[in-house]
Amino acid sequence: MHAAPTTDVLIAGETLIDIVRRLDRTQAESPGGSPANVGITLGRLGRAPALVTHVGDDERGAAIRSWLDASAVTLVSAPTGRTSTAQATLDAEGAATYEFDLSLDLEASGAPDAAVVHTGSIASVLEPSADRLRELVEARRPSALITYDPNIRPSLIDDAARVRQAALDCIARAHVVKASDEDVAFLLPGVAPVDAAREWVAAGPGLVVVTMGGDGAVAVRDGSVLEIETPRVQVADTVGAGDTFMGALIDGLLTAGIAGPGAEERLRGVSDEVLQQLLDRAARAASITVSRPGANPPTSAELGA
């Protein structure tokens, strides 16, 4: 009998069922949620992720549990109540807009130790989960690399100022931040992505990456700016692209030894050359996801070296 793998990445946030409506009026349901997609990406890349989330004791919850298990993601959740949903409507370019029905009663006590702790998206800015995730990050920060993706969903926001401040507080507590240009537009209106990244680095993180869809991404650290090109592919849709980028970047940082106690110092010491390679690989992973429908990140075999 083989022992269960040690958790190397602890992820905390929402898991839900994506109900995708396309222009041809067809509709399909599939498991998703930004933090869960990061977990799926890491599991497919050979990591041992654990996910603190809420999953209902209904048919949709059963589908989520099977989906996570298939990619070796350990679920930290007692199945109760209903499973959250997100209705995604796709436009002609495959971009999605969302309507949510959420249950965010997460319980992080008893979560396993890990070298990386990732949080983000809806659960990091809405209660009751936001307060619990703050406590988790503060407790784990001395012993783990903290990564964060705001993944702002404007359709859920009834108090923009409060949500903006909550996300900025999360950014300041993280070591690595990955945000989209849409996140920047909400959090720092009128500020260019590279300038936003510089401002956030000054507030605490050792690395901030802003993705800009087909226009690539920009990464800022103290003293340097790196540009990342987006590989050209035929886009099926953009669902899960940013989550795949985040998961592949975490995987690369683990490979480079930037995790666990002392991760902040090692992040400062890593060369621009190594960091560029990790970011380019993350962009390549995201390009594979957008080339096929839904949040379907690549395996390590598909991504290659």
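Here the structure is a predicted model, which is why all the values come from computation and not from measurement.

Cut-offs used in this document
Residues numbered from 1 in each chain as written. Predicted model: local features only at pLDDT ≥ 70, side-chain atom pairs only at ≥ 80, totals over all residues. Heavy atoms only, no water. Core = buried A, V, L, I, M, F, W, Y, C linked by side-chain atoms within 4.5 Å. Buried < 20%, exposed > 50% of the residue type's maximum accessible area, 1.4 Å probe, protein only. Helix = DSSP H or I, 4+ residues; strand = E, 2+ residues; numbered from the N terminus. Contact = heavy atoms within 4.5 Å. Pairing = 2+ DSSP bridges. Axes fitted to C-alpha atoms, helices over the stretch in contact; angles between N-to-C directions. Salt bridge = Lys/Arg side-chain N within 4 Å of Asp/Glu carboxyl O. Right-handed = clockwise from strand over helix to strand, strands pointing away.

Of all hydrophobic cores here, the largest spans 52 residues; its most connected members are Leu10 and Trp200. If you tally residues by element for this core, the top one is helix α4 (residues 160–173), at 5 residues. Setting aside its immediate chain neighbours within four residues, tryptophan 200 contacts Leu168, Ile171, Ala179, Val184, Leu187, Leu188, Pro205 and Val208. Ranked by size, the runner-up nonpolar core spans 45 residues in total, among them Ile64, Trp67, Ala248 and Leu303.

Take the pairing of strand β1 (residues 9–12) next. Residues of β1 alternate between two faces, with Val9 and Ile11 on one and Leu10 and Ala12 on the opposite face, all of them buried. The sheet contact formed by β1 and strand β4 (residues 49–52) spans 4 bridges and is parallel. In the strand pairing of β4, isoleucine 11 is matched with leucine 51.

As a further point, take the sheet that holds strand β7 (residues 96–101). Strands sit in the order β3-β2-β6-β7 across an open sheet of 4 strands; the sheet is mixed. Single-partner strands in this sheet number two, and they are β3 (27–32) and β7. Going from strand to strand, the sheet's axes swing by 25° on average, the running direction of each strand aside. In terms of strand pairing, strand β6 (residues 84–90) meets β7 through 6 bridges, oriented antiparallel. From the neighbouring strand, threonine 85 faces β7, where its bridge partner is aspartate 101.

What follows covers unusual backbone geometry. Put simply, glutamate 127 and proline 128 share a cis peptide bond, and its omega is 10°. Note on placement: proline 128 falls in the loop between β8 (116–120) and α3 (129–140). Although it is not a glycine, serine 121 adopts a positive phi angle of roughly 65°. As for its placement among the helices and strands, serine 121 is situated in the loop between β8 and α3. Its identity is not glycine, yet asparagine 151 carries a phi of approximately 40°, on the positive side. Residue position: asparagine 151 is located in the loop between β9 (145–149) and α4. Asparagine 151 gets classed as buried once you look at its relative accessible area, which sits at 13%.

Tallying each qualifying case throughout the model produces 13 salt bridges. Arginine 292 is the partner of glutamate 302 in a salt bridge, and the nearest nitrogen-oxygen pair spans 2.9 Å. Within this pair, whereas glutamate 302 is found in helix α10 (residues 300–303), its partner arginine 292 is found in the loop between α9 (272–290) and α10, the two being separated by 10 residues in sequence. When salt bridges with common partners are traced through the structure, they connect Asp8, Arg47, Asp251 and Arg281 into a single cluster.

A separate point is the pairing of β9. Burial analysis of β9 places 5 of its 5 residues in the buried class, the great majority of the element. Side chains Leu145, Thr147 and Asp149 project from β9 onto one buried face, and the interleaved Ile146 and Tyr148 project onto a second face that is buried too. Two elements, β8 and β9, share 5 bridges in a ladder whose sense is parallel. Paired with valine 117 across the strands is isoleucine 146, a residue of β9. Taken together, β8, α3 and β9 constitute a β-α-β crossover, and its handedness is right-handed. Pairing of β9 with strand β10 (residues 176–180) involves 2 bridges; the strand directions are parallel. Bridge assignment links tyrosine 148 to a residue of β10, and that residue is valine 177. Each parallel crossover has a hand, and for β9 linked through α4 to β10 it is right-handed.

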